[in-house]
Amino acid sequence: MGSDKVSRTAVRRRGVALLAVLGALGAGVLVPAAPAQAAPRCAAASSGGPVQVAYVPDWVESIAVDRRGRMFATAYFSGRVYRIDAPGAAPVALTGDIGANGGIVVREDGRLLVGTGNDLAHSLTGGLLPVSKLLEVDPETGSVRVYASGLGGVDGVATAPDGTVYTTTLGGSGIGRVTPDGRVDPAWARIPQPNGIAVSPDGAEVYVVQTTLSPGVYRIPAGDPGRPRRWVAAGGADALALPDGLTLDGRGRPLIATHAAGEVWRVEGGALCAAASGPELRLSTQIVYGRGDRGFAAGRLYRAGVDGRIYELPEAAGGPG
């Protein structure tokens, strides 16, 4: 009872905070119990619904998997980073409260980069007062050091092949960039309400989810950040779906978690379709493919969410390893 009760209380409090953010942004959006119109089903979607493989007693904001098939999760309320060694294993608190309530990625050297400041205050003020940090966390010991500072409240985090790091701040418009030599630009590019973020396999484009007002996906040329291009838009009732985290499948196509639609979207042929769906997928925050040949393995897709539950999504499997 204890952990579930804490989780439910945390969800209610975080939901209030989320609606406050949306209200402050002037979104005028209420989360529906279910959309009146769902995205069309993707042609390549296979059978098999979500399967729970782990549980963290907190709002899980973001997840990432390393080459050993271990999953790492950021917890919104406790501010911790958790490690889950394999499906079915109990989560281990890798850190204490380090304000780790934003995105998380695994670098090529195996260390973690974790965003901080994804709370209401830092999210709304990050455009004017970029004081949030990216932290480097040792996946074995949990030791923490500051990798970069001077960013807006960090929600999404993505890395490019050359080691450049990009970040988003939901309550603002700035896309942050940290170069491998440590230069920080909190407003490298701008789009409204940026959230989930990923980099194309060749590093030439940065894909960013816009969550509210006019949800969709932007493409930002890495060499010309002043010219972001709107790629796809959510239409009809999907405009209330609150798209969130973003990853790329094995063909470089974006997959997008949604809060309200109960779906994972994929971009196919310049439009959105549902690659996975089900009531378990409501209030999803992030999706990520596994890696390696064990644990959370390559070719398998995993979802995290407000409820702290990690699901494997067989419907949308077959991604990169």
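## Comments concerning the overall build of the chain
- The secondary structure content of the chain amounts to 2 helices and 24 strands.
- For the chain, the proportion of its 321 residues judged to be buried stands at 56%.
- Across the chain, every contact between residues at least 6 apart in sequence was considered, and the portion connecting residues at least 24 apart equals 49%.
- Accessible surface, the chain as shown: approximately 12300 Å² in total, 53% of it carbon and sulfur.

## Concerning the sheet that holds strand β4 (residues 81-84)
- Spatially, 4 strands are ordered β2-β3-β4-β5 in an open sheet, and the strand pairing comes out antiparallel. Two strands lie at the open edges of the sheet, namely β2 (60-65) and β5 (92-93), each paired on one side alone.
- Here β2 runs beside strand β3 (residues 71-75); their pairing, made up of 5 bridges, is antiparallel. From the neighbouring strand, S62 faces β3, where its bridge partner is T74.

## Some details on the pairing of strand β16 (residues 216-221)
- Taking burial as the measure, the 6 residues of β16 include 5 buried ones, the bulk of the element.
- In this sheet, β16 lies alongside strand β15 (residues 205-210) in antiparallel orientation, the contact comprising 6 bridges. Residue pairing across strands places E205 opposite P221, the latter belonging to β16.
- The sheet contact formed by β16 and strand β17 (residues 229-233) spans 4 bridges and is antiparallel. Note that in β17 the partner of V217 across the bridge is V232.

## With respect to the sheet that holds strand β12 (residues 174-178)
- The antiparallel open sheet is built from 4 strands, whose spatial order is β10-β11-β12-β13. Looking at the sheet topology across the chains shown, the edges are occupied by β10 (157-159) and β13 (184-190). Direction aside, the axes of adjacent strands within the sheet are offset by 30 degrees on average.
- Where β12 and β13 come together, 4 bridges link them in antiparallel fashion.

## Thoughts on the state of the cysteines
- All chains considered together, the criterion is met by 1 disulfide.
- Disulfide pairing is shown between C42 and C273; the S-S distance is 2.0 Å. Here the S-S torsion is close to 95 degrees, and the disulfide linking C42 with C273 is therefore right-handed. With C42 in the loop between α1 (2-24) and β1 (51-55) and C273 in strand β21 (residues 271-277), this pair connects stretches of sequence that are 231 residues apart.

## Observations regarding the packing of aromatic side chains
- By the definition in use, this model includes 5 aromatic pairs.
- With a centroid separation of 5.3 Å and 40 degrees between ring planes, the pair formed by Y207 and W231 is classed as tilted. Here the residue Y207 occupies a position in strand β15, and W231 occupies one in strand β17, the gap between them amounting to 24 residues.
- A relative accessible area of 6% places Y207 in the buried class.
- Taking the relative accessible area as the measure of exposure, W231 reaches 26% and is therefore partly exposed.
- Three or more aromatic residues joined by ring pairs form one cluster here, namely W59, Y76 and F77.
- Its guanidinium or amino end placed over the ring of W231, R219 lies 4.3 Å from that ring's centre, counting from NZ or CZ.

## Regarding the environment of Y289
- Position of Y289 relative to the elements: it lies in strand β22 (residues 284-289).
- Along the sequence, Y289 and I63 sit 226 residues apart, while their C-alpha atoms lie 9.7 Å from each other.

## A short note on the layout of surface pockets
- The computed volume of the largest pocket comes to approximately 960 Å³.
- Breaking the lining of the largest pocket down by element, the ones donating at least two residues are β2, β6 (104-106), β10, β14 (194-199), β18 (243-248) and β22.
- Looking at the lining of the largest pocket element by element, the count peaks at 4 residues for β22.
- Looking at side-chain class alone, the lining of the largest pocket contains 23 nonpolar, 7 polar and 4 charged residues.

Conventions adopted
- Residues numbered from 1 in each chain as written.
- Predicted model: local features only at pLDDT ≥ 70, side-chain atom pairs only at ≥ 80, totals over all residues.
- Heavy atoms only, no water.
- Helix = DSSP H or I, 4+ residues; strand = E, 2+ residues; numbered from the N terminus.
- Buried < 20%, exposed > 50% of the residue type's maximum accessible area, 1.4 Å probe, protein only.
- Contact = heavy atoms within 4.5 Å.
- Areas by Shrake-Rupley, 256 points an atom, 1.4 Å probe, with all protein chains shown as cover.
- Pairing = 2+ DSSP bridges.
- Axes fitted to C-alpha atoms, helices over the stretch in contact; angles between N-to-C directions.
- Disulfide = S-S within 2.5 Å.
- Phe/Tyr/Trp six-rings, centres within 6.5 Å; stacked < 30°, edge-to-face > 60°.
- Lys NZ or Arg CZ within 6 Å of the ring centre and 35° of its normal.
- 1 Å grid on protein atoms, 1.4 Å probe; cavity = no way out; pocket = protein on both sides within 12 Å on 5 of 7 lines; lining within 4 Å.
- Points joined across faces, edges and corners; volume = space filled by probe spheres on them.
- Nonpolar A, V, L, I, M, F, W, Y, C, P; charged D, E, K, R; others polar.

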